[in-house]
Amino acid sequence: MKTKTHFLSLVAVAACVLFFNTGIMKAQTPTTVQVKALAQGMWTGSVHKTTPAAVELRSGGVTPLTSTLVDRRTAMISSSGTLTVVYPNLTTGSYWLIVRCAGFLPISSSTALSITAGSTFSYDFSDNASKAFDEGTIGVTIGATTYYVLKAGDFTGDGGTNPTDVNAMLQGYPKVNLSVPPAN
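Predicted model only: the values in this text are computed from it and were never measured.

Trainee: Please clarify how the sheet that holds strand S2 (residues 38-39) should be interpreted in this entry.
Mentor: For sheets, the rule is that strands pair by backbone hydrogen bonds, running either parallel or antiparallel. An order of S2-S12-S11 is seen for the 3 strands of this open sheet, with the pairing classed as mixed. Lying at the two open borders of the sheet, with one neighbouring strand each, are S2 and strand S11 (137-142). Bridging between S2 and strand S12 (residues 145-150) involves 2 bridges; their strand directions are parallel. Note that in S12 the partner of Leu38 across the bridge is Val149.

Trainee: So what exactly am I meant to see when it comes to the side chain of Thr137 here?
Mentor: Summarising the element assignment, Thr137 is placed in strand S11. In this structure, Thr137 is in contact with Ile107, Ala129, Ala132, Tyr148, Val149 and Lys151, ignoring residues within four places of it in sequence.

Trainee: Would you mind showing me how to read the nonpolar core here?
Mentor: Among soluble globular proteins, nonpolar side chains are generally buried collectively. Core analysis: the largest hydrophobic core is formed by 27 residues, its most contacted members being Val35, Ala37, Leu83, Leu97 and Phe125. Elements that contribute at least two residues to this core include exactly strand S1 (31-36), strand S3 (51-59), strand S4 (68-77), strand S5 (82-87), strand S6 (93-100), strand S9 (113-115) and strand S10 (120-124). Residue contacts for Ala37: discarding those within four places in its chain leaves His48, Ile77, Gly81, Leu83, Val99, Ile107, Phe125 and Leu150.

Trainee: Just to check I follow, could you spell out the sheet that holds S5 for this structure?
Mentor: Pairing is mixed in the open sheet, where 3 strands are placed in the order S5-S1-S10. Either end of the sheet is taken by a strand with one partner, and the two such strands are S5 and S10. Strand after strand, the sheet turns through a mean of 15° between neighbouring axes, direction not considered.

Trainee: Please clarify how the side chain of His48 should be interpreted in this entry.
Mentor: Tracing the sequence through the fold places His48 in the loop between S2 and S3. Relative accessible area serves as the criterion here: at 2%, His48 is assigned to the buried category. Residues contacting His48, with those up to four places away along its chain left out, are Ala37, Leu38, Ala39, Met42, Trp43, Ile77, Ser78, Ser79, Ser80 and Gly81.

What counts, and where the lines are drawn
- Residues numbered from 1 in each chain as written.
- Predicted model: local features only at pLDDT ≥ 70, side-chain atom pairs only at ≥ 80, totals over all residues.
- Heavy atoms only, no water.
- Pairing = 2+ DSSP bridges.
- Helix = DSSP H or I, 4+ residues; strand = E, 2+ residues; numbered from the N terminus.
- Contact = heavy atoms within 4.5 Å.
- Core = buried A, V, L, I, M, F, W, Y, C linked by side-chain atoms within 4.5 Å.
- Buried < 20%, exposed > 50% of the residue type's maximum accessible area, 1.4 Å probe, protein only.
- Axes fitted to C-alpha atoms, helices over the stretch in contact; angles between N-to-C directions.

Note that every value here comes from positions in space, so none of it alone points to a role or purpose.
Written out as C-alpha cells, the structure is:
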C-alpha cells in the first residue's frame, strides 16, 4: 500500500512540474491593433482633434450585438485619426472590432476579422462605408475626398441617439466612462 501511495505522489509531483514548465514559462507576444476611426466634426481632412476612445475585440455571435467581449483597451485618437492598442494575451481567432468614443455612436467592423496573436493588425473604417456594420459610419466630403466617420450625437453613452442626448448636449454632456460598455 505504501508503494502505491508513493507512486501516486510521484505522479502528482511530476504533473505539477510539467504544468509549471509548460504553462508558466511560456511568454505570449502582445498583439497590436491599429485602427483609423475618424469622428464627425473632429476631422478637417488633414488633422483630427485628439480624443480618447476604446477599442473592443468581441468573439462569437453572428453580429457584433450577439458577440462576447474578449478585451477592451483605451487610447487616444491621434491627430492623424488613428489609435493603437496592445492586447497582451490575445489568442488567434476571429473578432468583431468595435470603437467607442464619447459623444459618438459606436462602430463595429462589418464582419468578424481574423487576427493572429503576436502580430500587428490594421483596420481603416474611414475609406469605405462597407467596412462598418449596419451603416455605422456617415460619409463626409472634404474637398474632393469622402471620409466615413463615427456619427456624432450619443451624448449620454447609451448606444443610440434620442431626445435625452439633446438635453445632455445642451447641459454640457458628461464624459462617458469608456471602460464600461453601454447596456444592450
